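Descriptive structure summary
So you can see what is in the structure, the chains are spelled out below.
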Amino acid sequence: MKWQDSRQSNNVEDKRQDNTTSMGSMGNLGALIPIIRFLLGSNIGRVILVVGVVAYFMGYNPLALIEGGSTASAQKSVDSPEEKQKVAFVSAVLAQTEDVWGKIFSEQGARYKEPNLVLFRNAVSSKCGFASSQTGPFYCPADQKVYLDLGFFDELANRYKAAGDFAQAYVIAHEVGHHVQNLLGTLENIQTLKSRTKSQVEQNALQVKVELQADCYAGVWAHYMGQYKVLEDGDIKEALNAASAIGDDTLQKQYQGHVTPDSFTHGSSKQRMSWFKKGFDGGKLSSCAFEI
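Summary of the structure given here. All figures in this text were calculated on a predicted structure; none of them were measured in a lab.

**Thoughts on the sheet that holds strand β1 (residues 12-15)**
- Sheet architecture is open: 4 strands sit in the order β1-β2-β6-β5, paired in mixed fashion. Strand pairing shows two members of the sheet lacking a second neighbour, β1 and β5 (138-140), which therefore form its edges. Looking at each pair of strands side by side, their axes are set apart by 25° on average, direction ignored.
- Sheet analysis places strand β2 (residues 116-120) next to strand β6 (residues 145-149), joined by 5 bridges and oriented parallel. Each residue of the ladder has a partner; that of F120, found in β6, is D149.

**A closer look at helix α7 (residues 186-195)**
- Every buried residue belonging to α7 is among T186, L187, I190 and K194, and all of these are buried. Along the axis of α7, the buried positions cluster into a sector of 95°, meaning they face one direction only. Those residues of α7 that are exposed and angled more than 90 degrees off the buried face are E188 and S195.
- Where α7 is buried, its residues meet β5, α6 (165-184) and α8 (200-227).

**Section: unusual backbone geometry**
- The phi torsion at Q144 lies on the positive side, around 55°, for a residue other than glycine.
- Tracing the sequence through the fold places Q144 in the loop between β5 and β6.
- Phi is positive for K161, which is not a glycine, with a value near 55°.
- Note that K161 resides in the loop between α5 (151-158) and α6.
- Of the residues examined, K161 reaches a relative accessible area of 60% and is grouped as exposed.

**Quick notes on the pairing of β6**
- With respect to burial, β6 is a largely interior element, 5 of its 5 residues being buried.
- Here β6 shows no split at all, with K145, Y147 and D149 on one side and V146 and L148 on the other all buried.
- Connecting β5 to the antiparallel partner β6 that follows it, the hairpin turn spans 4 residues, and Q144 within it adopts a positive phi of roughly 55°.

**Here we look at the packing of α7 against α8**
- The N-to-C vectors of α7 and α8 enclose an angle of 170°; their axes lie 9 Å apart at closest approach. Taken as axis vectors, α7 and α8 run roughly antiparallel relative to one another. Contacts between α7 and α8 involve T186, L187, I190, L193 and K194 from the former and Q203, L206, Q207, V210 and Q213 from the latter.
- Each residue belonging to the contact of α7 with α8 can be placed in one class, and the counts come to 5 nonpolar, 4 polar and 1 charged.

**Topic: the nonpolar core**
- The biggest cluster of nonpolar side chains holds 61 residues, and the ones touching the most others in it are V90, W101, L148, F166, Y170, W221 and F276.
- Take this core: its biggest share by element is 12 residues, from α8.
- Those residues in contact with V90 that sit more than four places away from it in its chain are L117, L119, L148, L150, F153 and I172.
- V118, V124, F138 and C140 belong to the second-largest nonpolar core, a separate cluster that totals 7 residues.

**Here we look at the packing of aromatic side chains**
- Considering all chains together, one arrives at 9 aromatic pairs under this definition.
- Consider the rings of W101 and Y217, whose centres lie 5.4 Å apart with planes at 75°: the pair is edge-to-face. One end of the pair, W101, is in helix α4 (residues 81-107); the other, Y217, is in helix α8, and 116 residues separate them in sequence.
- On the numbers, 4.8 Å between centres and 10° between planes, the contact of F138 with Y147 is stacked. When sorted by exposure, F138 lands in the same class as Y147, which is buried.

**Digging into the state of the cysteines**
- Per the counting criterion, the structure on display carries 2 disulfides.
- A sulfur-sulfur separation of 2.1 Å characterises the disulfide bridge that pairs C216 with C288. Sign of the S-S torsion, about -80° for the bond between C216 and C288, identifies this disulfide as left-handed. Linking C216 in helix α8 with C288 in the segment after α11 (269-282), this pair joins segments that are 72 residues apart in sequence. The residues C216 and C288 share a single accessibility class, namely buried.
- Shown here for the protein chain is a disulfide pattern of 1-2, 3-4, where each number marks a bonded cysteine counted in sequence order.

What counts as what
- Residues numbered from 1 in each chain as written.
- Predicted model: local features only at pLDDT ≥ 70, side-chain atom pairs only at ≥ 80, totals over all residues.
- Heavy atoms only, no water.
- Pairing = 2+ DSSP bridges.
- Helix = DSSP H or I, 4+ residues; strand = E, 2+ residues; numbered from the N terminus.
- Axes fitted to C-alpha atoms, helices over the stretch in contact; angles between N-to-C directions.
- Buried < 20%, exposed > 50% of the residue type's maximum accessible area, 1.4 Å probe, protein only.
- Arc of directions from axis to C-beta.
- Contact = heavy atoms within 4.5 Å.
- Parallel < 35°, antiparallel > 145°, perpendicular 65-115°, else oblique.
- Nonpolar A, V, L, I, M, F, W, Y, C, P; charged D, E, K, R; others polar.
- Core = buried A, V, L, I, M, F, W, Y, C linked by side-chain atoms within 4.5 Å.
- Phe/Tyr/Trp six-rings, centres within 6.5 Å; stacked < 30°, edge-to-face > 60°.
- Disulfide = S-S within 2.5 Å.

Take a look at the structure:
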């Protein structure tokens, strides 16, 4: 994928260091207990505890001394050449989605409102609630932002065996696809339909349609990448491999040993590949229409 000379989006919010201290603090609570007990054993110790509490409420983190090593390590990771390259890549891909969807919306006589993409580490708080890295990349319609922990790219390659820059780009384009659905009112319509049924199976089926359409929109984006001469040999194969690797049936076989289609929320590997291909081949919004 040729992205190095592409423009980079200004809509990337870097929050990778925002939660380093808070998450580290939670992990250090166990280590603090014996220290607190020790300090409580003397007058001087109790004074230190009081000062620490006062400092905390004044906005200073008294655990900073304890966490200095981990914070410095996290800072080093953020500033590493590899990490900087990942950020540049994400910014370039986001810019490409902006160009594509801006053009498509303009042709429809509408204006495309660009989403922000939030980079985070370990955990993040959005208007859709608190999420950890284990949640994976996600889109929050409440604040119209895409959330991504860059560590997911390593997981995509190592855990799901879906390596390659275009596999990573597909993930971003899929989440941006949800933003397109939000702008078009699709997400709201589906949510209304979900609220009208108590059947979890029917709600899952509706969610599968949402996810498959987002895959299709990622395919539409890839279609334009072909027109813009961004694609390289093997790129589409990487995207299809990623779509297959994170299909519900593939994941269920891997983690529970059997497949339960009624519990699908994203679609089977075959469906995800098919809908991406549908968008790639058609290259239009109408290519991704689905019936409810």
